[in-house]
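As a plain string of letters, each chain reads:
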Amino acid sequence: MIDEPEFTEPLARELCGTMPVHRRLLNESMAYRAQRSAIENQATQYRLGGRRISRSGTISIPVVVHVVHNTDEQNISDGQIYSQIEILNQDFRAANPDVTQVPPVWQPLVADTMIEFHLATRNPNGDPTDGIIRVRTTRSSFSHHDDAVKSSATGGADPWPSDQYLNMWVCQLRGGLLGYAQFPGGPPDTDGVVIRHSAFGNMGTVAQPFHLGRTATHEVGHWLNLYHIWGDDGQGCSGDDKVADTPNQGGGNTGMPTFPHISCNNGPNGDMFMNYMDYTDDAGMMMFTTGQSTRMNACLEGPRASFLIPQLARVGGPEERTVAAASAGGPRVSGNGSQRELEQLLQEVLKDTRAALSVISGSR
Amino acid sequence: MNEEAPDIVGAWLHAYEEDTDTTAVYHPEDYPFRPSRRPRRGMDFHADGTFVEWVPGPDDRPREVAGRWARQETDRIRVTFPEGQGEPFDLTVVSREGDTLSFARGERQ
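Residues numbered from 1 in each chain as written. Chains lettered and ligands numbered in written order. Predicted model: local features only at pLDDT ≥ 70, side-chain atom pairs only at ≥ 80, totals over all residues. Heavy atoms only, no water.

Asker: Honestly, the overall build of chain B in this entry has me stumped. Any pointers?
Answerer: The helix and strand inventory of chain B stands at zero helices and eight strands. For chain B, the residues scored as buried account for 54% of the 109 residues in total. Excluding contacts between residues fewer than 6 apart, the proportion of contacts in chain B whose partners are at least 24 apart in sequence is 40%. Surface exposure of chain B reaches about 5,100 Å², of which carbon and sulfur atoms provide 43%. (Helix = DSSP H or I, 4+ residues; strand = E, 2+ residues; numbered from the N terminus. Buried < 20%, exposed > 50% of the residue type's maximum accessible area, 1.4 Å probe, protein only. Contact = heavy atoms within 4.5 Å. Areas by Shrake-Rupley, 256 points an atom, 1.4 Å probe, with all protein chains shown as cover.)

See the structure below:
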């Protein structure tokens with residue numbers, strides 16, 4: 001079994017906590033760890049080439065944006081939300097204009113992930129929607145402590161089914177926090193990403209230097225199982241992001257570094273600080289690598305396969321495109337999906353599911 | 001507890017951009033901090049001696065590490081993790097003025 005990366009130690013520390021989040025993790029940590037191990041094993045098979053991505057076309061993931069606002073300013077415009085969706089589609093398809101700024105040595109690694117996003121067109125009941133939920137709250141800001149923004153009972157907005165929609169909560173966050181995510185394998189009722197309103201999209205309330213929508217790109221990277229590029233080991237050189245084509249580097253980079261920035265004997269090219277999974281300013285990050293793309297797509301064929309399977313089932317003929325367009329806001333696939341791909345994927349997912357269940361129940 | 005000791009009870013986040021060569025500056029959690037991509041470290045000193053440290057997590061949500069704190073001298077704080085999940089450390093309180101708490105640099109920052 002593949003070991004969890006270095007951040008598992010803080011998880012263990014939380015077992016002795018007294019805060020609400022600690023208690024929740026106390027109850028869930030064993031199952032969560034088992035889930036994460038199974039997910040990592042699955043991702044490793046793709047990284048090592050034992051498995052290949054089944055999908056050859058694009059996937060478009062339905063998004064619901066929950067705008068939880070305490071002031072009129074925080075109630076961001078539809079246009080600001082559209083700008084964020086457009087940025088996600090550019091960044092995940094390597095269609096962002098600034099991709100040309102990637103240093104030549106890493107241009108060959110720039111990846112089109114073939115993943116897109118769209119605002120949901122059907123709500124969970126099947127009714128038409130614009131994919132935007134607006135909730136007024138009495139809370140002036142939200143903290144990371146309790147995920148309060150994710151529940152109407154605590155002044156936030158309840159998620160839509162997180163196996164069918166990517167939930168994005170937009171709000172005022174305390175402590176200067178730009179956003180946070182949840183890795184696959186976590187609790188379904190808190191699954192999604194939270195983004196500070198002033199870092200969402202590229203217009204309206206956004207503020208420099210986090211004004212180009214890259215916070216959501218970064219957080220959705222986590223949602224699709226990417227780790228920080230330096231491996232989450234502080235400033236050390238032993239952390240691993242579980243992606244082979246990203247250089248080893250010390251800690252996270254902030255601001256706007258200049259190329260090359262050397263750490264951990266990673267010269268001559270140094271840190272890949274222009275990667276979306278570093279901590280640079282919005283204008284300083286502009287690429288995912290091929291290895292990161294593989295890891296995200298492995299996630300879509302594993303723990304987040306619920307987004308992929310309905311699409312593959314619909315692809316194959318012209319009428320199915322129509323069905324996809326009229327579906328309950330579900331994911332859309334285009335390209336060369338086939339029945340064979342679907343069957344192969346279903347078998348793999350069933351195998352993973354059985355393995356994960358046996359780990360959790362302790363039956364192996 | 002020494003009555004002259006600065007009151008540090010509460011939740012504090014690191015305003016790293018305000019640090020000086022000799023001090024690390026903290027403000028209360030609800031202070032209007034400047035947005036920061038790197039999650040801010042934090043420390044929550046409870047009146048009952050329990051302690052929570054916030055460290056940046058892999059999903060950008062600060063992770064909470066529970067321990068205990070005790071005053072050693074007027075300006076000296078000892079933080080321990082009795083269950084062994086962290087190394088103990090000492091803090092020197094330089095000042096507490098309103099919503100600004102300053103520690104000597106180099107001990108935890």
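And the narrative resumes.
Asker: Help me out: how do you make sense of the environment of Gly213(A) in this one?
Answerer: All names here are of chain A. Within the secondary structure, Gly 213 sits in the loop between β6 (193-196) and α4 (214-223). Residue Gly 213 is classed as buried on the basis of its relative accessible area of 0%. For the pair formed by Gly 213 and Gln 80, sequence separation is 133 residues and the distance between their alpha carbons is 9.8 Å. Filtering out sequence-adjacent residues up to four positions away, Gly 213 remains in contact with Gln 84, Ile 87, Ala 199, Gly 201 and Asp 282.

Asker: Is there a simple way to think about the environment of His222(A) in this case?
Answerer: Structurally, His222(A) is set in helix α4. Classification of His222(A) as buried rests on a relative accessible area of 0%. Taking C-alpha positions, His222(A) is 8.9 Å from Met296(A), a pair spaced 74 residues apart along the chain. Among all residues touching His222(A), those that are not within four sequence positions of it are Ala181(A), Gln182(A), Phe183(A), Pro184(A), Tyr227(A), His228(A), Met277(A), Pro58(B), Asp59(B) and Asp60(B).

Asker: Honestly, the pattern of salt bridges in this entry has me stumped. Any pointers?
Answerer: If charged atoms from side chains of opposite charge come close, those side chains can pair. Residue and element names in this part refer to chain A. In the structure shown here, the tally under the stated rule is 17 salt bridges over all chains. For Arg 304, the salt bridge is made with Asp 191, and the minimal N-O distance between the two is 2.7 Å. Taken together, the residues span a long stretch of sequence, with Arg 304 in the loop between α5 (290-300) and α6 (309-314) and Asp 191 in the loop between β5 (179-180) and β6 at a distance of 113 residues. Of the two residues, Arg 304 and Asp 191, neither departs from the other in class, the shared state being buried. (Salt bridge = Lys/Arg side-chain N within 4 Å of Asp/Glu carboxyl O.)

Asker: Can you help me understand the side chain of Gln172(A) in this one?
Answerer: Tracing the backbone shows Gln172(A) in the loop between β4 (166-171) and β5. A polar side-chain atom of Gln172(A) sits 3.5 Å from a polar atom in the side chain of Arg196(A). (Polar contact = N/O pair within 3.5 Å; in protein donor to acceptor, adjacent residues only side chain to side chain.)

Asker: What's the story with the interface of chain A and chain B in this structure? I'm lost.
Answerer: Quoted interface sizes are often the accessible area lost when the parts come together. Across the boundary between the two partners, chain A contributes 44 residues, which contact 27 residues of chain B. In total, about 3,000 Å² of surface goes out of reach between chain A and chain B, with carbon and sulfur atoms giving 55% of it. Scanning the region where chain A abuts chain B turns up two salt bridges. The shortest N-O distance in the salt bridge between Asp147(A) and Arg61(B) comes to 3.0 Å. Across the chain A-chain B interface, the total number found is 16 residue pairs in polar contact (both at pLDDT 80 or more). Taken together, the elements giving at least two residues each to the side of chain A that touches chain B come down to α1 (8-13), α2 (20-47), β5 and α4 of chain A. (Buried area = accessible area lost by both parts, 1.4 Å probe.)

Asker: Could you clarify how one ought to interpret the packing of aromatic side chains in this entry?
Answerer: When we look at a pair of aromatic rings, we describe it by the centre distance and by the angle of the planes. Taken as a whole and assessed by the stated rule, the structure comprises 16 aromatic pairs over all chains. Centroid distance Phe183(A) to Tyr227(A): 5.3 Å. Interplanar angle 65 degrees. Geometry classified as edge-to-face. Within this pair, whereas Phe183(A) is found in the loop between β5 and β6, its partner Tyr227(A) is found in the loop between α4 and α5, the two being separated by 44 residues in sequence. For Phe183(A), a relative accessible area of 1% corresponds to the buried category. According to the relative accessible area criterion, Tyr227(A) is buried, its value standing at 2%. Through a chain of ring-to-ring contacts, the aromatic side chains of Tyr26(B), Phe45(B), Phe51(B), Trp69(B), Phe81(B), Phe89(B) and Phe103(B) assemble into a single cluster. (Phe/Tyr/Trp six-rings, centres within 6.5 Å; stacked < 30°, edge-to-face > 60°.)

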